[in-house]
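Here are the chains, one letter per residue:
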Amino acid sequence: MRGALRLVRFRGAAGGGPRLGLEEAPGGDLVDLSAAEPDLPRSMREFLEIGPRGLELAHRALQSGQHRVSRGAARLLAPLGDPQKVICVGLNYHDHCREQAAKVPREPLIFSKFPSAIAGPFDDIVHPQDTSELDWEVELAAVIGKRGRHIEESAALEHVLGYTVANDVSARDWQMRRNGRQWLLGKTFDTFCPLGPAIVTREAVPDVHNLWIRCSVNGQRMQDSSTQHLIFGVPALVAWVSRFVTLVPGDVLLTGTPAGVGVFRKPPVFLKPGDEVQCEIEELGTICNRVV
């Protein structure tokens, strides 16, 4: 496979169904992959299931100089709208453990979100009436590109297509005190998983464990860290999760959040309607979501 890709899903100015595309550059214009290769599926998950041949067609479209769409004429969607699994990791940054006086886990702490929680990179986050403790969590998300079970850590990155930015939006009351302290409900309200703007393939990210990662609320920096502070890196997480479940193309693995979340501030700070949350990771891009 030649070079890096920035895979997106979008709707054009005329509306219609989701289309597959490519960013020419971070934040730049798009190439309409669905126009360049009409026989490709419109689902990113189904596209990734094609494997290397699909990526070769994407490279060809990018190099053709045709089927350009200006950024202003497109509405970016979550790059993956229908993954089989959205897998999450808790307590996976050293600084996040320190801010809550928690012991560093000996093994990854795995939970999940339902895929119905996914929202686009610039979509609204809906503040549920059922919570008064809505919080942010910027996260690096890995996207699986190759099926595997019992994957060796040394080969784990071969199963990762690339990375994207995620916000693991959380209702802390439901996560920490309600529902028997099972995390699922507090993590999986609709719109609680903004993703995007693109899936950036591994070739564009020389060292995924050395990227700055940040979150701002209404322009105020709340989280400012580095993936250097991950406790379990991407290969270790892929290997660990694959002990229990088969990973398939399109699965999304959120790798945890650094220090700076609202619930552990003194006093705690929670999101309210009208707030704007911006999450950004070096090399991957920026997502920005308004709370409504």
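Please refer to the structure placed before this passage.
Small disclaimer: the values here were computed from a predicted structure and weren't measured.

(A) Geometry of unusual backbone geometry. The amide bond that connects Gly196 to the next residue, Pro197, takes the cis arrangement and shows omega of -5°. Mapped onto the elements of the fold, Pro197 is located in strand E13 (residues 193-201). In this model, Leu91 sits at a positive phi of 50°, which is unusual for a non-glycine residue. The topology assignment puts Leu91 in the loop between strand E6 (86-90) and helix H4 (94-99). A relative accessible area of 18% places Leu91 in the buried class.

(B) Highlighting the nonpolar core. If you look at the biggest cluster of nonpolar residues, it comprises 84 residues, and the most contacted ones within it are Leu7, Phe47, Tyr163 and Val238. Residue contributions to this core peak at six residues, all from strand E10 (residues 138-144). Here Tyr163 is in contact with Leu140, Ala141, Ala142, Leu157, Ala198, Ile199, Val200, Arg202, Val205, Val208, Val234 and Leu284, once residues within four sequence places are set aside.

(C) A look at the pattern of salt bridges. For the coordinates displayed, the defined rule picks out 19 salt bridges. Here Asp82 ties to Arg45 by a salt bridge, and the two come within 3.4 Å at their closest N and O atoms. Taken as a pair, Asp82 in the loop between strand E5 (74-77) and E6 and Arg45 in helix H2 (residues 44-50) lie far apart in primary sequence, 37 residues in all. Look at Asp82 and you get partly exposed, because its relative accessible area is 29%. When the shortest N-O distance is used, the salt bridge between Arg75 and Asp123 registers 3.1 Å. Taken together, the residues Arg75 in strand E5 and Asp123 in the loop between strand E8 (118-119) and strand E9 (134-135) connect sequence positions 48 residues apart.

(D) Examining the layout of surface pockets more closely. In this structure, the second largest pocket occupies an estimated 200 Å³ of space. Lining the second largest pocket we find 19 residues, and of these His96, Gln100, Arg172, Gln175 and Trp183 sit closest to its centre. Every element with two or more residues in the lining of the second largest pocket is listed here: E6 and helix H5 (172-176). In terms of residue count, H5 provides more of the lining of the second largest pocket than any other element does, three residues in total. Among the residues forming the lining of the second largest pocket, the class breakdown is six nonpolar, seven polar and six charged.

(E) Examining the environment of Glu139 more closely. Tracing the chain through its elements places Glu139 in strand E10. Along the sequence, Glu139 and Arg19 sit 120 residues apart, while their C-alpha atoms lie 25 Å from each other. If near-sequence neighbours (up to four positions away) are discounted, Glu139 is found in contact with Thr164, Val165, Ala166, Asp168, Ile213, Leu254, Thr255, Gly256, Thr257 and Ile281.

(F) How the structure looks around the sheet that holds strand E18 (residues 285-290). The strand order across the open sheet built from four strands is E15-E14-E17-E18, with neighbouring strands paired in antiparallel fashion. Edge positions in the open sheet fall to strand E15 (220-226) and E18, since each of these has one partner strand only. Neighbour to neighbour, the strand axes of the sheet diverge by 10° on average, direction disregarded. Here strand E14 (residues 212-217) pairs with strand E17 (residues 276-281) via five bridges, running antiparallel. Bridged to Ser216 within E17 is Gln278.

What counts and what doesn't
Residues numbered from 1 in each chain as written. Predicted model: local features only at pLDDT ≥ 70, side-chain atom pairs only at ≥ 80, totals over all residues. Heavy atoms only, no water. Helix = DSSP H or I, 4+ residues; strand = E, 2+ residues; numbered from the N terminus. Buried < 20%, exposed > 50% of the residue type's maximum accessible area, 1.4 Å probe, protein only. Core = buried A, V, L, I, M, F, W, Y, C linked by side-chain atoms within 4.5 Å. Contact = heavy atoms within 4.5 Å. Salt bridge = Lys/Arg side-chain N within 4 Å of Asp/Glu carboxyl O. 1 Å grid on protein atoms, 1.4 Å probe; cavity = no way out; pocket = protein on both sides within 12 Å on 5 of 7 lines; lining within 4 Å. Points joined across faces, edges and corners; volume = space filled by probe spheres on them. Nonpolar A, V, L, I, M, F, W, Y, C, P; charged D, E, K, R; others polar. Pairing = 2+ DSSP bridges. Axes fitted to C-alpha atoms, helices over the stretch in contact; angles between N-to-C directions.

These figures capture arrangement, not role.
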